[in-house]
Amino acid sequence: MTRLDDLRGKFSGSLIAPGDAEYESARQVWNGMIDRRPALVARCASEGDVKSALAYARAERLAIAVRGGAHNVAGNATVEGGIVIDLSQMKAVRVDAQRRVAVAGPGLNWGELDRVTQEAGLAVTGGLISSTGIAGLTLGGGIGWLMRKHGLTIDNLLAAEVVTIEGETVRASAKENADLFWALRGGGGNFGIVTKFEFQLHPVSQVIAGMTLYPAQRAAAMLGYFREICESAPDELTPLFAFLTAPPAPFVPETLRLQPVVAIVLCYAGDPAEGERVVRPIKSFGPPAADLIGPMPYLALQSMLDAGAPAGLQNYWKASFLSGLGDAAIETIVDHAARARSPLAQVHLHLMGGAVARVPAGATAFAHRQAAFAMNIVGTWADPAGNELHTRWVREFSQAMTPHDAPGVYVNFLGDEGEERVRAAYGAKTYSRLQEVKAKYDPENAFRLNQNIQPPR
């Protein structure tokens, strides 16, 4: 009997190999630029399956990729010639409405988790695209619409259960394996495979949210106004500035459809009457060519941007933190955004601060809490023949922004950019501390297909 036969005998999920009917779909990830062929996809149904697949990988000396939502731009949820430990079927979720706590499996995406928590009128900070997996977004930090009021996703993580490289289940919380708990909150999948997340939830149901659209010719003026909004924004307001192409939708004036536009996208998660007062100036400034801001269910907001991020397209991103939006930075952003040649390309500026900034820098592995903005240059296009053209636009844009960058970068926006950039994402002090935890839980760096923390050399 081979080791694979032995694995099949104990595995309750499905094992998918080259030549199997599901193989092509099983190996694909969200970013269409990533094209890898694993030797085996182990689609786990339980924690026991995770342990069995991990033991098989170690015995066969296979490189290990861990798949949750497979949404990350770097494509680390698959591997050439190794094993994918696929958690996408592990979607159990339990909500304790009285304690406002959710216990969630690693295969859930944010749309799936939100639908369950919203039945109790509760939510935790989640991703801006509902198909994003909860596991990857949480472990990298967790920027989302509720972050300025309720903190990053990791600021609401109460505990996690982790299968270590030795095949043991370890619970990490403030009181149990606190070093691992600290590292999981921002340090990614470097330390083991998380099979259960426990989140603190908050009362959220109706929000004031949506977007206003403006012709791209007004980008500089609108960015200046966005800066003013951000300077006085209450914690309940999380705004985003975006460059994009207007969809051919009924709510868009015909003259703007399929044309470059800028948008102020926002969420006010607080008292509705106060929210109407706060967003009224935003709705009237300009005035906008299209105004889509109003009361809506939180679930509607969480899927509002999904159409702009479909699976299977070519994606190449560059990201950074900004300490502010000075006039020179605005001029650079407007100039380079106008040079995009793909109608699918976007540029995002997320206002940070609020509850995010009130957590001490060393409390979690998300180190750069004083950054004013997170910027993401989103290169997206359909035809691989355009790879050189569109990646060049992203790189040149990113290089031009260097004089305006603050230290660090949001790790969940990183592509495959090398060890130096990963170190920058954490800063020297946090990276060194992460290395200590790595040396304890994964000294051989078996979990290296991620934004990798190198064990001490």
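Description of the structure in this document. Keep in mind the model is a prediction, meaning the values are calculated, not measured.

For the rest of this paragraph, the subject is the nonpolar core. Core analysis: the biggest nonpolar cluster contains 58 residues, and L180, L184 and F199 have the highest contact counts within it. Broken down by element, the residue count for this core peaks at 5 residues, all from helix 7 (residues 178-184). Setting aside anything within four residues of it in sequence, one finds L184 in contact with L139, A160, V162, A172, F191 and V194. Membership of the second largest hydrophobic core comes to 38 residues, among which are V262, A345, L351 and M401.

Scanning the entire structure with this criterion turns up 29 salt bridges. Salt-bridge contacts for E22 lead to R43; the nearest nitrogen and oxygen are separated by 3.2 Å. With E22 in the loop between strand 1 (14-16) and helix 2 (23-27) and R43 in strand 2 (residues 40-43), this pair connects stretches of sequence that are 21 residues apart. A residue is classified by how much of its surface remains accessible, and R43, at 15% relative accessible area, is buried. Two residues, E388 and R392, come together in a salt bridge whose shortest N-O distance is 2.4 Å. Taken as a pair, E388 and R392 lie in helix 13 (residues 387-401) at a separation of 4 residues, close to a single helical turn. A cluster of three or more residues bridged by salt bridges with shared partners is formed by D96, R99, R171, E176 and E198.

Here we come to the pairing of strand 5 (residues 93-96). The pairing of strand 5 with strand 6 (residues 101-104) spans 4 bridges and is antiparallel. Residue pairing for strand 6: D96 is matched across the bridge by V101. Here strand 5 hands over to strand 6 after 4 residues, with R100 in that stretch at a positive phi of 55°.

Before going further, it helps to spend a moment on the sheet that holds strand 3 (residues 64-67). If you trace the 4 strands from one edge of the open sheet to the other, you get 1-2-4-3, paired in mixed fashion. The open sheet has two edge strands with one neighbour each: strand 1 and strand 3. On average, each strand axis in the sheet is inclined to that of its neighbour by 20°, with strand direction left out of account. The pairing of strand 2 with strand 4 (residues 83-86) spans 4 bridges and is classified as parallel. Looking across to strand 4, one finds that V41 is bridged to V84. Sheet contacts for helix 3 (residues 47-60): strand 2, strand 3 and strand 4; angle to strand 4, the most-contacted strand, approximately 170°.

Rules used in this analysis
Residues numbered from 1 in each chain as written. Predicted model: local features only at pLDDT ≥ 70, side-chain atom pairs only at ≥ 80, totals over all residues. Heavy atoms only, no water. Core = buried A, V, L, I, M, F, W, Y, C linked by side-chain atoms within 4.5 Å. Buried < 20%, exposed > 50% of the residue type's maximum accessible area, 1.4 Å probe, protein only. Helix = DSSP H or I, 4+ residues; strand = E, 2+ residues; numbered from the N terminus. Contact = heavy atoms within 4.5 Å. Salt bridge = Lys/Arg side-chain N within 4 Å of Asp/Glu carboxyl O. Pairing = 2+ DSSP bridges. Axes fitted to C-alpha atoms, helices over the stretch in contact; angles between N-to-C directions.

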